[in-house]
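Letter by letter, the chains look like this.
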Amino acid sequence: MQIFYLHSTASPDAAIGFVSIAARSALILPLAVAGFLAILAASYLAVRRGLNRSAYKLRNLSPEKIAAHHNEDQNPSVEQISASIIERATHIKRALDEEPSEIETEMCALGYRKCANDMITLTHLVNEEMPGSPLLRRWRLKRCRKGAIESLSAVRESLPPGILKATRQEQ
């Protein structure tokens, strides 16, 4: 009975005030959650974008990672190996022409060694495929090998003397 008495003595303004407070708090909570989720999503996207930037990738790049990189293709063709050698040699030559630091020069030497190893593989593949190939195929094989040789020769001429004898890590 006493509850009924308290309820009946409350003014209508108090009831409206209570309802307006309850309505505001019911509106504030979803807005706060939505704001928190928006901030969380924006933070996630900012971090993800930062990790995909070139500067972050360059900081994590090392000569060991470059040398250990393997092509996904297990049996590349002569043309693919030749194109890869020519492309890498072109980048190495361009880097050497820009007066690199000592570390950059050592990285170019590592890249040159990797290209030279691929050149050995290319030569073996060409020598295996050459005898049984038709005339046009033999001409293409020779062109691929010649292009790779010319690009490696240009890099070799750009390398500082003595850089291939021993890098800083090997000494």
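About the criteria used
- Residues numbered from 1 in each chain as written.
- Predicted model: local features only at pLDDT ≥ 70, side-chain atom pairs only at ≥ 80, totals over all residues.
- Heavy atoms only, no water.
- Axes fitted to C-alpha atoms, helices over the stretch in contact; angles between N-to-C directions.
- Helix = DSSP H or I, 4+ residues; strand = E, 2+ residues; numbered from the N terminus.
- Parallel < 35°, antiparallel > 145°, perpendicular 65-115°, else oblique.
- Left-handed = near helix turned anticlockwise from the far one by under 90°.
- Contact = heavy atoms within 4.5 Å.
- Nonpolar A, V, L, I, M, F, W, Y, C, P; charged D, E, K, R; others polar.
- Salt bridge = Lys/Arg side-chain N within 4 Å of Asp/Glu carboxyl O.
- Buried < 20%, exposed > 50% of the residue type's maximum accessible area, 1.4 Å probe, protein only.
- Expected span 1.5 Å × (residues − 1).
- Core = buried A, V, L, I, M, F, W, Y, C linked by side-chain atoms within 4.5 Å.
- pLDDT = per-residue confidence, 0-100.

**Observations concerning the packing of helix α6 (residues 102–129) against helix α7 (residues 135–158)**
Two elements in contact, α6 and α7, have axes separated by 11 Å at closest approach and are oriented at 160°. As far as their axial angle goes, α7 and α6 are roughly antiparallel. Read as a crossing pair, α6 and α7 show a hand that is left-handed. In this structure, α6 contributes Tyr-112, Cys-115, Ala-116, Met-119, Leu-122, Thr-123, Val-126, Asn-127 and Glu-129 to the contact, and α7 contributes Arg-137, Leu-141, Cys-144, Arg-145, Ala-148, Ile-149, Leu-152, Val-155 and Arg-156. By residue class, the composition of the contact of α6 with α7 is 12 nonpolar, 2 polar and 4 charged.

**Digging into the pattern of salt bridges**
The final tally for this structure, using the stated rule, is 5 salt bridges. In this structure, Asp-118 engages Arg-88 in a salt bridge whose closest nitrogen and oxygen atoms are separated by 2.4 Å. Of the two residues, Asp-118 sits in helix α6 while Arg-88 sits in helix α5 (residues 78–97), which places them 30 residues apart along the sequence. Of the residues examined, Asp-118 reaches a relative accessible area of 19% and is grouped as buried. Lys-146 serves as the salt-bridge partner of Glu-150, at 3.9 Å between the closest nitrogen and oxygen. Placement of the pair is Glu-150 and Lys-146 together in helix α7, with a separation of 4 residues, close to one helical turn. Judged by its relative accessible area of 46%, Glu-150 is partly exposed. The network of salt bridges with common partners includes Glu-79, Glu-129 and Arg-137.

**Observations regarding α6**
Helix length check: α6 (28 residues) gives 40 Å between terminal C-alpha atoms against 40 Å at 1.5 Å per residue, within 8%. When α6 is considered as a whole, its buried residues turn out to be Thr-105, Glu-106, Cys-108, Ala-109, Gly-111, Tyr-112, Cys-115, Asp-118, Met-119, Leu-122 and Val-126. Those residues of α6 hidden inside the fold are in contact with α5 and α7.

**Quick notes on the nonpolar core**
Residues Ile-85, Leu-122 and Val-155 are the most contacted members of the largest nonpolar core, which totals 21 residues. Secondary structure elements with two or more residues in this core: α5, α6 and α7. The dominant element in this core, judged by the number of residues it contributes, is α6, at 7 residues.

**Brief notes about the side chain of Arg-137**
Tracing the chain through its elements places Arg-137 in helix α7. On the basis of relative accessible area, Arg-137 is assigned to the buried category, the value being 19%. Setting aside residues no more than four positions away along its own chain, Arg-137 makes contact with Val-78, Glu-79 and Glu-129.

**Examining the confidence of the model for the chain**
Averaged over the chain, the pLDDT score is 79; the fraction of residues at 70 or greater is 68%. Within the chain, α7 carries the highest mean pLDDT (93), whereas helix α1 (residues 2–9) carries the lowest (49). The low-confidence segment residues 1–6 (pLDDT under 50) makes 0 contacts with residues lying over four places distant or belonging to another chain.

**Structural notes on the packing of α5 against α6**
Contact pair α5 / α6: the axes reach a minimum separation of 9 Å and the direction vectors enclose 160°. Between α5 and α6, the crossing angle belongs to the class labelled roughly antiparallel. In terms of crossing hand, the pair formed by α5 and α6 is left-handed. Of the residues that constitute the contact of α5 with α6, the class distribution is 14 nonpolar, 4 polar and 4 charged.

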